[in-house]
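Observations on chain architecture
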Amino acid sequence: GQGCSISQASASMLTEQLKGKTLEEFQEIARLFIDMMHGKELTDQEMEKLGDLEVLQGVRKFPVRIKCALLGWSVMEEGLEKHLSK
């Protein structure tokens, strides 16, 4: 896909997070990532679950760019919702 560097990095990290995870595990990581991006303080244990995604936490300092970091995640959630509703 194409996009700004933040959206591409976040989407790339998303694909890495998908590998070897169950749907439930991925959904938990997605929820934690979205919460982190929206400024929710996560516990150390929750941050551990995010792994390398923690580096994107700095994007929160630039509210206009949060949408960039969440773009791939939003698309994935929409796709999952459509798939699960069938």
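Please refer to the structure placed before this passage.
All residue numbers refer to positions counted from 1 along the written sequence of the respective chain. Whole-chain, interface and lining totals are the exception, using all residues; otherwise, since this is a predicted model, local features are given only for residues with pLDDT of at least 70 and side-chain atom pairs are given and counted only at 80 or more. Side-chain numbers come from the whole structure's heavy atoms, not from hydrogens or water.

1. Points about the environment of Asp-35
- Secondary structure counts use DSSP, requiring at least four H or I residues in a row for a helix and at least two E residues in a row for a strand, with both numbered from the N terminus. By the element assignment, Asp-35 lies in helix H2 (residues 23–37).
- Sequence spacing of Asp-35 and Ile-6 is 29 residues, and the spatial spacing of their C-alpha atoms is 17 Å.
- Contact criterion: two residues are considered in contact whenever any of their non-hydrogen atoms come within 4.5 Å of each other. Among all residues touching Asp-35, those that are not within four sequence positions of it are Lys-40 and Leu-42.

2. Focus on the environment of Lys-19
- Structurally, Lys-19 is set in the loop between helix H1 (5–18) and H2.
- Look at Lys-19 and you get exposed, because its relative accessible area is 55%.
- Under the rule applied, a polar contact is a pair of N or O atoms within 3.5 Å (in protein, one hydrogen donor and one hydrogen acceptor; residues adjacent in sequence only if both atoms are side-chain atoms). Reaching out from Lys-19, the side chain makes a polar contact with the side chain of Glu-16 at a distance of 3.0 Å. Classification of residues uses two cut-offs on accessible area relative to the type maximum, computed with a 1.4 Å probe and protein chains only: under 20% is buried, over 50% is exposed, and between them is partly exposed.

3. Some thoughts on the nonpolar core
- Remark: nonpolar core denotes a set of buried residues (Ala, Val, Leu, Ile, Met, Phe, Trp, Tyr, Cys) joined through side-chain atoms within 4.5 Å. One finds Phe-33, Met-36, Met-37, Leu-50, Leu-53, Val-59 and Trp-73 to be the most contacted residues of the largest nonpolar core, which totals 23 residues.
- Taken together, the elements giving at least two residues each to this core come down to H1, H2, helix H3 (44–50) and helix H4 (63–84).
- Residues within four places of Leu-53 in sequence aside, it is in contact with Met-13, Gln-17, Ile-29, Phe-33, Met-36 and Trp-73.

4. Some remarks on the packing of aromatic side chains
- Any two of the Phe, Tyr and Trp rings considered here, Trp counted by its six-membered ring, make a pair once their centres fall within 6.5 Å; the pair's planes then place it as stacked at under 30 degrees, edge-to-face at over 60, or tilted in between. On inspection of all chains with the given rule, the structure shows two aromatic pairs.
- Between Phe-26 and Trp-73, the ring centres sit 5.9 Å apart and the planes meet at 5 degrees, which makes this aromatic pair stacked. Taken as a pair, Phe-26 in helix H2 and Trp-73 in helix H4 lie far apart in primary sequence, 47 residues in all. Take Phe-26 and Trp-73: they sit in the same class, and that class is buried.

5. Topic: the pattern of salt bridges
- When a carboxyl oxygen of Asp or Glu lies within 4 Å of a side-chain nitrogen of Lys or Arg, that pair is called a salt bridge. If you walk through the whole model with that rule in mind, you get four salt bridges.
- Residue Glu-16 is joined to Lys-19 by a salt bridge in which the shortest nitrogen-to-oxygen separation is 3.0 Å.
- Residues Asp-35 and Lys-40 are paired through a salt bridge, measuring 3.9 Å at the closest nitrogen-oxygen approach.
- The exposure class assigned to Lys-40 is partly exposed, which follows from its relative accessible area of 43%.
- Residues joined by salt bridges that share partners form a network here, namely Arg-31, Asp-35 and Lys-40.

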